[in-house]
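Report on the structure
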Amino acid sequence: MRLAPAQPVRLALALALFCVAPAAARADFRLCNNTTSRISVALAYTNAKSWISEGWWNVKPSSCETLLRGPLAAQFYYVYAMDERGGEWKDKAFMCTRDREFRIEGREDCYARGFDRTGFFEVDTGKDAKNWTVQLTDPDRPALTRPQ
C-alpha cells in the first residue's frame, strides 16, 4: 500500500498532537527546589504498619522531583533536605538515615541498627489531599507547602 503525499503529513501531525496532549492529572508527593543550589532530599512516612524513611533524591536548582507516585496515603509526611553549601531543612521528627541511598523500616534505635538519626520537618497535607508539593526555598526562609 502506498501513501498519498498528504497522508504522511497527517500521520505525523496526529502523532505530534498525541504526544503533546495533556495527560490526566496525577496524584503525587512532589518537592520543588527553589534555591540556587542542588539539594539532597530524604522522605519519611508511615505505611500503616511501620515507619519508612528513604532517600536520597538529588534535585537540581529551580526544578521539581516526584518523591512518591500515586494518591497520598497519609496526612503527615516528613522531609529532610540539605544543600551543597551546608544549609539544611530539618526539625525534631527524628528518623533513621544513612549517607548513601537507603530505604529503612522503623524509626527506633537508629544508632543501634547502624544508621544515623536525622531530624525531619513535618508536612501536614490535610485529611483529604490526594497530591502535595513542597516548595523549598533558601534555608533562611521557611519551606512552603501546598496542595498541587
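Placed above this text is the structure.
All of these numbers come straight from a predicted model, not from anything done at the bench.

**Points about the pairing of strand E3 (residues 51-59)**
Of all the 9 residues making up E3, 7 are buried; the element is thus mostly covered by neighbouring parts of the structure. Alignment of strand E2 (residues 39-46) against E3, held across 8 bridges, turns out to be antiparallel. Across the sheet, Ala42 pairs through a bridge with Gly55, a residue of E3. Pairing between E3 and strand E8 (residues 102-105): 4 bridges, direction antiparallel.

**A few points about the state of the cysteines**
One pass over the full model with this rule turns up 2 disulfides. Here Cys32 is linked by a disulfide to Cys64, with a sulfur-sulfur distance of 1.9 Å. Because the torsion about its S-S bond is 105°, the bridge between Cys32 and Cys64 counts as right-handed. In this pair, Cys32 is assigned in strand E1 (residues 28-33) and Cys64 in strand E4 (residues 63-69), connecting sequence segments 32 residues apart. Through a disulfide, Cys96 is tied to Cys110; the S-S separation comes to 2.0 Å. Judged by the sign of its S-S torsion, about -90°, the cystine formed by Cys96 and Cys110 is left-handed. Separated by 14 residues along the polypeptide, Cys96 in strand E7 (residues 93-97) and Cys110 in the loop between E8 and strand E9 (116-124) bring together distant segments of the chain. The class of Cys96 is buried, set by a relative accessible area of 0%. Cys110 gets classed as buried once you look at its relative accessible area, which sits at 3%.

**Details of the nonpolar core**
Ranked by internal contacts, the top residues of the largest apolar core, which has 23 residues, are Phe29, Leu31, Val41 and Leu43. Mapped onto this core, the elements with two or more residues apiece are E1, E2, E3, E4, strand E5 (76-83), E9 and strand E10 (132-136). At 4 residues, the largest contribution of residues to this core is made by E2. With near-sequence residues (within four places) excluded, Leu31 lies in contact with Ile39, Val41, Val59, Ser63, Cys64, Glu65, Leu67, Val79, Val134 and Leu136.

**Topic: the side chain of Ser50**
Within the secondary structure layout, Ser50 lies in the loop between E2 and E3. The buried category is assigned to Ser50, whose relative accessible area is 18%. If we ignore the near neighbours within four places in the chain, the residues touching Ser50 are Tyr45 and Glu105.

Conventions adopted
- Residues numbered from 1 in each chain as written.
- Predicted model: local features only at pLDDT ≥ 70, side-chain atom pairs only at ≥ 80, totals over all residues.
- Heavy atoms only, no water.
- Buried < 20%, exposed > 50% of the residue type's maximum accessible area, 1.4 Å probe, protein only.
- Helix = DSSP H or I, 4+ residues; strand = E, 2+ residues; numbered from the N terminus.
- Pairing = 2+ DSSP bridges.
- Disulfide = S-S within 2.5 Å.
- Core = buried A, V, L, I, M, F, W, Y, C linked by side-chain atoms within 4.5 Å.
- Contact = heavy atoms within 4.5 Å.

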